[in-house]
Amino acid sequence: YTQHDHINEALDCFERMQNEGLCRDSFTFSCIVKACGRIRNIEKGKKVHEMVIVNEGMLENDNVLGNALVDMYAKCGAIGRARDVFDQLRVRSVIAWTALITGYVQHGPVGEALRCFRQMQKEGVSPNNVTFMCILKACSILGSLEVGEDIDAELRKQGLLQKDVMLGTSLVDMYAKCGALDKAQDVLQRLPTRNVVSWSALIAGYTQHGQGGEALKCFKKMQDDGVSPDVVTYICVL
């Protein structure tokens, strides 16, 4: 039910399970916490967390459950609670780090996302594609071009742009929003597939930084590339 977004059914099953007096294990709690995160039901999530605390040692011994709690609180905007749970984890995996970083990017303070990223690297935890996308988003918001360039170098080193179009689009968007439009265009040209989102990110960048002529040139190149504009593209072009 949780995996297929039938969240109310998942919560109903959990209630029925409790009413029948069945014992709950860490897997059950992980699923329900994920369900609460999906619908941003922090009150229910807090109650489940309290049940976890009653089961001494459960959180410390189950990394999946800890990750789920960090993610749930982060998605609900309770970033302080997410950090508290994160700090209690015995093993802080890339999943937990990314959930916390995502929370800071979405709910602030965004600068904490960059600090978490640096600490994550110091602890020897390798970022995944989602981590990179979140940090690029943080760079876009903060105008942190230097950090964004470091990420670009790492992506080139690992050859990730050739494997993940969404990651490449995030890099185009970061450069465009930071005003490094030549670099944004260079990244776009290096992508194995250029979709409407990546083209629109570059067009938006030119538009935002007063280079309307370049935006219109990109619009024509986009059409020549066989990519159909969407609403965002049209707004930028207009």
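Residues numbered from 1 in each chain as written. Predicted model: local features only at pLDDT ≥ 70, side-chain atom pairs only at ≥ 80, totals over all residues. Heavy atoms only, no water.

Peer 1: Looking at this model, I keep getting lost on unusual backbone geometry. Mind explaining?
Peer 2: Leaving glycine out, the prevailing phi sign among residues is negative, and the prevailing peptide bond configuration is trans. For the bond running from G108 to P109, omega is -10 degrees, close enough to zero to count as cis. Along the chain, P109 turns up in the loop between α7 (94–107) and α8 (110–122). (Helix = DSSP H or I, 4+ residues; strand = E, 2+ residues; numbered from the N terminus.)

Peer 1: What is the right way to read the nonpolar core from this model?
Peer 2: Proteins that are soluble and globular tend to have nonpolar side chains buried together. Core analysis: the largest hydrophobic core is formed by 79 residues, its most contacted members being I101 and L155. Ranked by residue count, the leading element in this core is α7, at 8 residues. Among residues more than four places away in sequence, those in contact with L155 are F132, L136, L160, L161, L167 and L171. (Core = buried A, V, L, I, M, F, W, Y, C linked by side-chain atoms within 4.5 Å. Buried < 20%, exposed > 50% of the residue type's maximum accessible area, 1.4 Å probe, protein only. Contact = heavy atoms within 4.5 Å.)

Peer 1: For this particular structure, what's the right way to read the packing of helix α2 (residues 26–38) against helix α3 (residues 42–54)?
Peer 2: When two helices pack together, their arrangement is given by the angle between their axes and by how far apart the axes lie. Where α2 meets α3, the closest approach of the two axes is 9 Å, and the angle between their N-to-C directions is 160 degrees. One finds that α2 runs roughly antiparallel with respect to α3. α3 is crossed by α2, and the crossing has left-handed handedness. Contacts from F29, I32, V33 and C36 in α2 reach K44, G45, V48, M51 and V52 in α3. Split into classes, the residues belonging to the contact of α2 with α3 amount to 7 nonpolar, 1 polar and 1 charged. (Axes fitted to C-alpha atoms, helices over the stretch in contact; angles between N-to-C directions. Parallel < 35°, antiparallel > 145°, perpendicular 65-115°, else oblique. Left-handed = near helix turned anticlockwise from the far one by under 90°. Nonpolar A, V, L, I, M, F, W, Y, C, P; charged D, E, K, R; others polar.)

Peer 1: What is the right way to read the pattern of salt bridges from this model?
Peer 2: For the structure on display, the rule yields 18 salt bridges. Of the charged contacts, one joins E123 and R92 as a salt bridge, the two residues approaching to 2.7 Å between their closest N and O atoms. On the criterion of sequence distance, the pair formed by E123 in the loop between α8 and α9 (129–142) and R92 in the loop between α6 (79–88) and α7 is long-range, its members being 31 residues apart. Taking relative accessible area as the criterion, E123 reaches 34% and is therefore assigned partly exposed. With a relative accessible area of 25%, R92 lands in the partly exposed category. Ionic pairing is found between D225 and R194, a salt bridge with its closest N-O pair at 3.2 Å. Placement of D225 in the loop between α14 (212–224) and α15 (231–237) and of R194 in the loop between α12 (181–190) and α13 (196–208) is noted, with a sequence separation of 31 residues between them. What makes D225 partly exposed here is its relative accessible area of 36%. Among the ionic contacts, a cluster of salt bridges with common partners joins R83, D87, R92 and E123. (Salt bridge = Lys/Arg side-chain N within 4 Å of Asp/Glu carboxyl O.)

Peer 1: Can you walk me through the packing of aromatic side chains in this structure?
Peer 2: Between two aromatic rings, the relevant description is the distance of the centres plus the angle of the planes. Taken as a whole, this structure holds 3 aromatic pairs when the rule is applied. Relative to F29, the ring of F14 has its centre 6.4 Å away and its plane inclined at 65 degrees; by these criteria the two rings are edge-to-face. Separated by 15 residues along the polypeptide, F14 in helix α1 (residues 7–19) and F29 in helix α2 bring together distant segments of the chain. Comparing F14 with F29, the two get one shared label, buried. Between the aromatic rings of F86 and W97, the centroid separation amounts to 4.6 Å while the plane-to-plane angle is 70 degrees, which identifies the pairing as edge-to-face. Highlighted residues: F86 in helix α6 and W97 in helix α7, separated in sequence by 11 residues. Owing to a relative accessible area of 0%, F86 belongs among the buried residues under this scheme. You can call W97 buried: its relative accessible area is 1%. (Phe/Tyr/Trp six-rings, centres within 6.5 Å; stacked < 30°, edge-to-face > 60°.)

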